[in-house]
Amino acid sequence: MRSEWLCILTAAYLLLFMNVTFWEKTFVYLDGNVLALLAIGIGLFGAFTALMLTFSAKYVIKPALIFFILASVGGAWFMDRFGTIIDSEMIRNAMETSQAEAGHLITSAFIIHMVLFGLMPSLFIASVKLVHRPILKKMTVNMLIIVPCLIVFGLAGLSNSGSFIFNIRQHRDWFRTLNPIFPVASAAGFFIGAAKEEDLVVQPLGTDAKVVNKAPKAQRKPRVTIVVVGETARAQNFQLGGYARETNPELSKRDIVYFDNASSCGTATAVSVPCMFSVYGRAEYSHAKAMGTENLMDVLSHAGIKTEWWDNNTGDKHVADRIQKTEFFNSKDPHYCSDGECLDQILVDGLDGWLDKVDGDAVLVLHQLGNHGPAYYLRYPKEFQKFVPDCHSVEFDTCTPQTITNAYDNAILYTDHILAEVIDKLRAHEDRVDSAMIYMSDHGESLGENGLYLHGAPYLFAPKEQTHIPFVLWTSPSLLKSAGIDRACLSAEASAPHSHDNLFHSLLGLMQVRTAVYQPALDIFAGCRSGAVL
């Protein structure tokens, strides 16, 4: 076979069979405009052909075409099954995932899909005997095909430019599903950015931080705050926010404040967790900025506060690089753990011992496994299997939407229990410490709404299910009194808009830390504090 024909066949295969999601969106967005549909089909075929022919050179063509085949087949699986947009942040999530988490996605169905649509065409490409022209003639023939293809692509775009431009502006997700163009470009962008970040030198932040007190330290109890970083809990399924099901029976009986209008910084752990603890708000945040600047935990340490991080997820995302941390997800304790993952109870059972040893102001972060999907059914023990039948598979097409929701809600129910236990343990130590618990989920989750599952959609058009998060606060009466905070005022402000941007400054305010980087406007306690504490 001539090499150019193999390129044309590959282009047709990728465009027609590996772009189901793209074509589904195209038919909806162009709303039956036959001329526009023909133009985009012909134009993209020209562009795909030109791209494949760019690699039509001896020793290059086969590896390149196989790469595009395998990349597109993998991308198609996640886009077509879960509605995933594979941008640079999704690539970051994939690179930072754990073996256990990846195992939930690499299912038997995925492997069959890769063999049928990826391996078989790749074997054909590898085995076909290609006929190559002499180098100069080959370059000439390639250009005689590539140039007309690009002209066709350009003319096709111009022929219905008004319709295309309008729909691209209205539907930012449209061309982000063009496979493998957007995923490959995103991967390239990620690796280029990662290479630049290797040379980053972390800049100090808040080195002027100090704790200010109305009473000398010897005359007051230590202040202790436990920050629980939730995983994939969406506000829509929290009873505290009006959900019809009893997913928060225990927290409902505790004296908590629930902020029902809170939003996340990102839609994936690799973005939201570093952003939550960063001095940069969502509007200013970038991964490079976060990695190049100290964070909230560092500022607290500068103030002389004991800081510690306990992780039961896939890691601290470099937030705890300079403080003491314990990675519970590496535990082999059979009571909590199996197959490389542990129930969140492992975070709670050591709290009594930790609190007994506290002899000064301290902040402890508990990073949950929470509701991480798609294996929701593995996130809770059997005694929390309240909503049944619940989906016991990571292949959602084998479950009904209701059983998927049931499993998800059971995991929320278990988180409710974990948070209630944290509160109870803090209350049990009230004779020794003034304490608080702050719970924020890192992001939400899609459970099939608009054909989307899981999370990680680009924030620009992410659905509210992935950005509306639960935010819970509990404070001991003694801490409220010592910090001069009005509990009724906090409750009255609970429905106002809040976000991850508030965590940095609110925790500084709660721990009564004074520093130039503190912004009272983002401190949820500032407007409810009597007296000028900070």
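In this report, we go over the structure that sits alongside the text. (Residues numbered from 1 in each chain as written. Predicted model: local features only at pLDDT ≥ 70, side-chain atom pairs only at ≥ 80, totals over all residues. Heavy atoms only, no water.)

1. With respect to the packing of helix H5 (residues 88–96) against helix H10 (residues 181–197)
Threshold: Lines fitted to C-alpha atoms define the axes, with helix axes restricted to the stretch in contact, and inter-axis angles between N-to-C directions lie between 0 and 180 degrees. Counting from the N terminus, the helices are DSSP H or I runs at least four residues long and the strands are E runs at least two residues long. The cut-offs work like this: below 35 degrees is roughly parallel, past 145 is roughly antiparallel, 65 to 115 is roughly perpendicular, and the gaps in between are oblique. For a crossing to be left-handed, the near helix must be turned anticlockwise from the far one by less than a right angle; the clockwise case is right-handed. Throughout, a contact is declared for two residues whenever any of their heavy atoms are within 4.5 Å. Each residue is assigned to one of three groups, with Ala, Val, Leu, Ile, Met, Phe, Trp, Tyr, Cys and Pro labelled nonpolar, Asp, Glu, Lys and Arg labelled charged, and all others, Gly among them, labelled polar.
At a minimum axis separation of 8 Å, H5 and H10 run at an interaxial angle of 70 degrees. Our classification of the angle between H5 and H10 gives roughly perpendicular. In the packing of H5 onto H10, the handedness of the crossing is right-handed. Between H5 and H10, the contacting residues are Ser 88, Ile 91, Arg 92 and Met 95 on the first element and Ser 186, Ala 187, Phe 190, Phe 191 and Glu 197 on the second. Here the residues of the contact of H5 with H10 are counted per class, giving five nonpolar, two polar and two charged.

2. Some remarks on the state of the cysteines
Basically, it comes down to this: Pairs of cysteine sulfur atoms within 2.5 Å are what we label disulfides. Burial here depends on accessible area, computed with a 1.4 Å probe over protein chains only, as a share of the maximum for the residue type. Under 20% is buried, over 50% is exposed, and the range in between is partly exposed.
Under the defined criterion, the tally for this structure stands at four disulfides. One disulfide in the model links Cys 337 with Cys 342; its S-S distance is 2.0 Å. Because the torsion about its S-S bond is 105 degrees, the bridge between Cys 337 and Cys 342 counts as right-handed. In this structure Cys 342 comes out as buried when scored by relative accessible area, which is 4%. Counting only cysteine sulfurs, Cys 149 is the nearest neighbor of Cys 7, a cysteine outside any disulfide, at a range of 11 Å. By relative accessible area, which is 0% here, Cys 7 ends up buried.

3. Description of empty space enclosed by the protein
Condition: Any residue with an atom within 4 Å of a point lines the site, the site being either a cavity, points on a 1 Å grid over the protein atoms alone where a 1.4 Å probe fits but cannot get out, or a pocket, an open set with protein on both sides within 12 Å along at least 5 of 7 lines. Grid points are joined across faces, edges and corners, and a volume is the space filled by probe spheres set on the points.
Scanning the model with the defined rule gives two cavities of 30 Å³ or more in all. Computed from the structure, the largest cavity encloses a volume of approximately 50 Å³. Contributing to the lining of the largest cavity are Trp 77, Arg 81, Phe 82, His 104, Leu 105, Thr 107, Val 394 and Glu 395. Sorting the residues of the lining of the largest cavity by element identifies helix H4 (61–82) and helix H6 (99–105) as the ones contributing at least two each. Per element, the largest residue contribution to the lining of the largest cavity is three residues, and it comes from H4. Broken down by class, the residue content of the lining of the largest cavity amounts to four nonpolar, two polar and two charged. Approximately 40 Å³ is the volume attributed to the second largest cavity.

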